[in-house]
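# Structural characterization, general
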Amino acid sequence: MKIKILTQFPDMFGPVFGESILGRAAENGILDIDVVNIRDYTKDKHRKTDDSPYGGGAGMVMTPQPAFDALSAVGAEGKRVLYMSPRGRILDHALAQSLAAEEEFVILCGHYEGVDQRIIDAWRMEEVSIGDYILSGGELAAMVLVDTVARLIPGVLGNENSGNEESVYSGLLEYDQYTKPREYGGLSVPEVLFNGNHELIHLWQFENSLRLTKQRRQDLLEKYLANHKILTKKEKKILDNVLSEPPKLEDED
Ligand code: SAH
């Protein structure tokens, strides 16, 4: 997959894209990320890429010319172009999946007050937000988006299955995880995880996931129930039990 990122701060990306899962995906040629400095395209003699807003107000707005030229240079015509923006659709698993199916897409990062609306309109940009808060720039948001999309591309995660059980992906929050040692400072691990019975372990994990989701994310639980997942008899019994429990007064965690 090819991703072109247009930014005024290209140096922010190197350390994030060079490490860990993203770094390995780039090395393996699965992910080809091109970070482009919008400033390289400005025709302004002072290399300016933004100016004060018409109508007044604080801050600076990205001017059309450098962005239009940078978009043309990376071949954004006819491709999906995202503009990271707090006004946009909130990034979720469904959006990440739809992007993971693309061969190529383009991301524009704003900074300061944002960008001239004509850039968004002329390039038919999809505005994407990573949450209801304001960042100083779209760079961190773009990194979050690329990271979550990359994990969905086949071959990026070492173990193809390891994405399937994750929180939200399965429709439920993930169950509690434990690792060695079995006892730590008097703290133990649930016994069921040692009995080698995979069905019992799975049922324990399912119950734990359901209970957590019910306590913390009613919205996810309702979606999960509406999706009519096919459940075994034992899973169905656990689901009915958890649903019939009275809600906790306080979150125990
Ligand atoms: N004045 C704008 C905010 C500008 S913040 C407004 O009120 O809508 C500066 C830049 O940071 C934006 O251009 C955008 O690219 C990025 N940004 C800020 N918050 C973001 C968020 N929650 N999600 C995605 N991008 C965001």
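Worth saying up front: this structure is predicted, and the values here are computed from it rather than measured. (Residues numbered from 1 in each chain as written. Predicted model: local features only at pLDDT ≥ 70, side-chain atom pairs only at ≥ 80, totals over all residues. Heavy atoms only, no water.)

## Notes on the overall build of the protein
When helices and strands are counted, the protein shows 9 helices and 10 strands. Computed over the C-alpha atoms, the radius of gyration of the protein is 23 Å, more than 25% above the 18 Å expected from 2.2 N^0.38 for a compact globule of 253 residues. Taken along the three principal axes of its C-alpha coordinates, the protein extends 70 × 40 × 40 Å. Burial status across the protein gives 39% buried among its 253 residues. Partitioning the contacts of the protein with sequence separation of at least 6, the portion at a separation of at least 24 is 75%. (Helix = DSSP H or I, 4+ residues; strand = E, 2+ residues; numbered from the N terminus. Rg over C-alpha atoms; globule rule 2.2 N^0.38 Å. Buried < 20%, exposed > 50% of the residue type's maximum accessible area, 1.4 Å probe, protein only. Contact = heavy atoms within 4.5 Å.)

## Focus: the site of the ligand
Around the ligand lies a shell of 21 residues, among which Tyr83, Met84, Glu113, Tyr133 and Leu135 are the nearest. Within the backbone of Gly110, a nitrogen or oxygen atom sits 3.1 Å from an oxygen atom of the ligand. A distance of 2.8 Å separates a nitrogen atom of the ligand from a polar atom in the side chain of Glu113. Notes on the ligand: free accessible area 550 Å², of which the protein chains cover 86%. For the shell around the ligand, the secondary-structure elements that each account for two or more residues are strand S5 (80-90), strand S8 (126-129) and helix H6 (138-150). (Near = heavy atom within 4 Å. Polar contact = N/O pair within 3.5 Å; in protein donor to acceptor, adjacent residues only side chain to side chain. Areas by Shrake-Rupley, 256 points an atom, 1.4 Å probe, with all protein chains shown as cover.)

## Let's talk about the domain arrangement of the protein
Taken domain by domain, the protein holds domain 1 (2-150) and domain 2 (183-244). A C-alpha centroid distance of 39 Å is found between domain 1 and domain 2. (Domains from an automatic or database assignment.)

## Remarks on the sheet that holds strand S7 (residues 114-115)
Strand-to-strand pairing in sheets goes through backbone hydrogen bonds, with the strands running parallel or antiparallel. Taken in spatial order, the 3 strands line up as S3-S4-S7 in an open sheet, and their pairing is mixed. Each having just a single partner strand, strand S3 (50-51) and S7 make up the two edges of the open sheet. With 2 bridges joining them, strand S4 (residues 61-62) and S7 adopt parallel strand pairing. Pairing of Met62 across the sheet is with Val115, part of S7. (Pairing = 2+ DSSP bridges.)

## Topic: the packing of aromatic side chains
Considering all chains together, one arrives at 2 aromatic pairs under this definition. Their ring planes at 40° and their centres at 5.5 Å tell us that Phe13 and Phe17 sit as a pair that is tilted. The buried category is assigned to Phe13, whose relative accessible area is 1%. Ring geometry for Phe68 versus Trp123: centroids 5.9 Å apart, planes at 75°, classification edge-to-face. Taken together, the residues Phe68 in helix H3 (residues 64-73) and Trp123 in the loop between helix H5 (117-122) and S8 connect sequence positions 55 residues apart. Classification of Phe68 as partly exposed rests on a relative accessible area of 27%. A relative accessible area of 12% means that Trp123 is categorised as buried. Between the NZ or CZ atom of Arg182 and the centre of the ring of Phe194, over which it lies, the distance is 3.5 Å. (Phe/Tyr/Trp six-rings, centres within 6.5 Å; stacked < 30°, edge-to-face > 60°. Lys NZ or Arg CZ within 6 Å of the ring centre and 35° of its normal.)

## Looking at the environment of Ala73
Relative to the helices and strands, Ala73 resides in helix H3. In this structure Ala73 comes out as partly exposed when scored by relative accessible area, which is 48%.

## Some points on a nonpolar patch on the surface
Where nonpolar side chains cluster on the molecular surface, the patch consists of Met12, Tyr133, Leu135 and Leu140 and spans about 360 Å² of accessible area. Given the relative accessible area of 49%, Leu140 is considered partly exposed. (Patch = residues over 30% accessible without salt bridge, like charges linked within 9 Å, V, L, I, M, F, W, Y side chains within 5 Å. Salt bridge = Lys/Arg side-chain N within 4 Å of Asp/Glu carboxyl O.)

## Digging into unusual backbone geometry
Residue Pro181 follows Lys180 across a cis peptide bond; omega there is 0°. Following the sequence through the fold, Pro181 ends up in the loop between H6 and strand S9 (183-184). Positioned with a positive phi, Arg47 is a non-glycine residue whose angle comes to about 60°. Along the chain, the position of Arg47 falls in the loop between strand S2 (32-37) and S3. A relative accessible area of 41% places Arg47 in the partly exposed class.

## As for the packing of helix H7 (residues 198-216) against helix H8 (residues 218-226)
In contact at an axis separation of 6 Å, H7 and H8 are set at 125° when each is read in the N-to-C sense. As the angle between them shows, H7 and H8 are arranged oblique. Every residue of H8 that contacts H7 at Phe206, Leu210, Thr213, Lys214 and Arg216 is listed here: Gln218, Leu220, Leu221 and Tyr224. Partitioned by chemical class, the residues of the contact of H7 with H8 number 5 nonpolar, 2 polar and 2 charged. (Axes fitted to C-alpha atoms, helices over the stretch in contact; angles between N-to-C directions. Parallel < 35°, antiparallel > 145°, perpendicular 65-115°, else oblique. Nonpolar A, V, L, I, M, F, W, Y, C, P; charged D, E, K, R; others polar.)

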